[in-house]
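Per-entry structural report
Listed below are the residues making up each chain.
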Amino acid sequence: MSEPIENLLSPPAVQDADADRRFRECAQRHGWDPDDPWVGGYVAWEWRHSRHAYDDLFTSVRGKKVLEFGCHLGATSVVLATLGADVTAIDVDPAYVELTQLNAERHGVGDKVRAVHVPDTASMPFADEEFALVSCNSVLEYIPPDALGAVQREINRVLERWGFIVILGTSNRLWPIELHSRRPLMNYVPRALRPLFPGKSIYSVFPWQLRRGFGDYADISQQDRGRLIVDLKAKMGMSGPRLMAFSAANRVLGPLGMHVGFVAPTVTMVLQKRGEGGTGNG
């Protein structure tokens, strides 16, 4: 019998030495340091943070088919699989797909994670309503703005009715500093002028694009005037004056039909599909 989730207090450990060796070799081959905490140690970070968004905060992923949209190195996929989900992990970059599968294998959940290379995420090779939950963790801000609407509609297509979309870590275009690159004022540069600026393209997203762009969805993080988001941040380790300020901002935003996940430096939002899904265009 599998161990109850509530007893899984420590981050998933590396269990397969051969898969670990292959993961490290693959990372080095692609120019990454496997000892970097944001490479080899990324699973532990996601376990301490994003785990709480899937671990019975609003639902449970145990036994459910979950799509990890934009899997990067597979850290969130390992977390989801450890929590009992049947994970399909996709990315447009085949290097990330390879590393994700190796990361899952070295953590002993290779049988629970299927990593798939999907070059065009506006046309995914999955059936309608195939997944119960889609995780979008620090990924939607890398989609070019003119493609975001089509990608959101495709995510809506593969998500079952009453399924969930969990949005975490998406750079908020309302903020003066883009959180991933730490570049000031880039969020305010008009799209047409972005090619004039060097550096990786991180487009940031307005929160209402996420709230409306998938179709007919309820923002369940708005329920109880956003208390779900405050509780999530507390579980992630926010405490003291910062948590008090976060909670106070949430109380102010509630009567305006928003929650603090709308205005934080990175957008946090939990959406639930309703009706027949719709075809929002952001």
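Scroll up to find the structure.
Residues numbered from 1 in each chain as written. Predicted model: local features only at pLDDT ≥ 70, side-chain atom pairs only at ≥ 80, totals over all residues. Heavy atoms only, no water.

What about the packing of helix 1 (residues 17–29) against helix 5 (residues 94–106)?
The interhelical angle for the contact between helix 1 and helix 5, taken along N-to-C directions, is 155°, at an axis separation of 8 Å. Taken together, helix 1 and helix 5 sit at an angle that is classed as roughly antiparallel. When the axes of helix 1 and helix 5 are compared, the crossing they make is left-handed. Here helix 1 contributes A19, D20, R22, F23, C26, A27 and R29 to the contact with helix 5, which in turn contributes E98, L99, L102, N103, E105 and R106. (Axes fitted to C-alpha atoms, helices over the stretch in contact; angles between N-to-C directions. Helix = DSSP H or I, 4+ residues; strand = E, 2+ residues; numbered from the N terminus. Parallel < 35°, antiparallel > 145°, perpendicular 65-115°, else oblique. Left-handed = near helix turned anticlockwise from the far one by under 90°. Contact = heavy atoms within 4.5 Å.)

Considering the side chain of H52
Structurally, H52 is set in helix 3 (residues 51–54). In this structure the side chain of H52 is engaged in a polar contact, spanning 3.2 Å, whose partner is the backbone oxygen of K235. If near-sequence neighbours (up to four positions away) are discounted, H52 is found in contact with W47, L57, L232, K235 and M236. (Polar contact = N/O pair within 3.5 Å; in protein donor to acceptor, adjacent residues only side chain to side chain.)

Observations concerning the packing of helix 8 (residues 223–235) against helix 9 (residues 240–253)
Running from N to C, helix 8 and helix 9 point in directions that differ by 165°, and their axes come no closer than 9 Å. By the criterion of interaxial angle, the relationship of helix 8 to helix 9 is roughly antiparallel. For the pair helix 8 and helix 9, the crossing hand works out as right-handed. Between helix 8 and helix 9, the contacting residues are R225, G226, R227, I229, V230, K233 and A234 on the first element and L243, F246, S247 and N250 on the second. Of the residues belonging to the contact of helix 8 with helix 9, the class tally is five nonpolar, three polar and three charged. (Nonpolar A, V, L, I, M, F, W, Y, C, P; charged D, E, K, R; others polar.)

Quick word on the nonpolar core
Residues Y54, F58, V61 and L133 are the most contacted members of the largest nonpolar core, which totals 47 residues. Counting 28 residues, the second-largest nonpolar core is a separate cluster that includes F131, C136, F262 and L271. (Core = buried A, V, L, I, M, F, W, Y, C linked by side-chain atoms within 4.5 Å. Buried < 20%, exposed > 50% of the residue type's maximum accessible area, 1.4 Å probe, protein only.)

Quick look at the pairing of strand 4 (residues 131–137)
Of all seven residues making up strand 4, seven are buried, and the element is well covered by its neighbours. Across three bridges, strand 1 (residues 65–69) lies against strand 4 in parallel orientation. Its bridge partner being in strand 4, E68 is matched across the sheet by S135. Running through helix 6 (residues 145–158), the crossover from strand 4 to the neighbouring parallel element strand 5 (residues 159–171) is right-handed. (Pairing = 2+ DSSP bridges. Right-handed = clockwise from strand over helix to strand, strands pointing away.)

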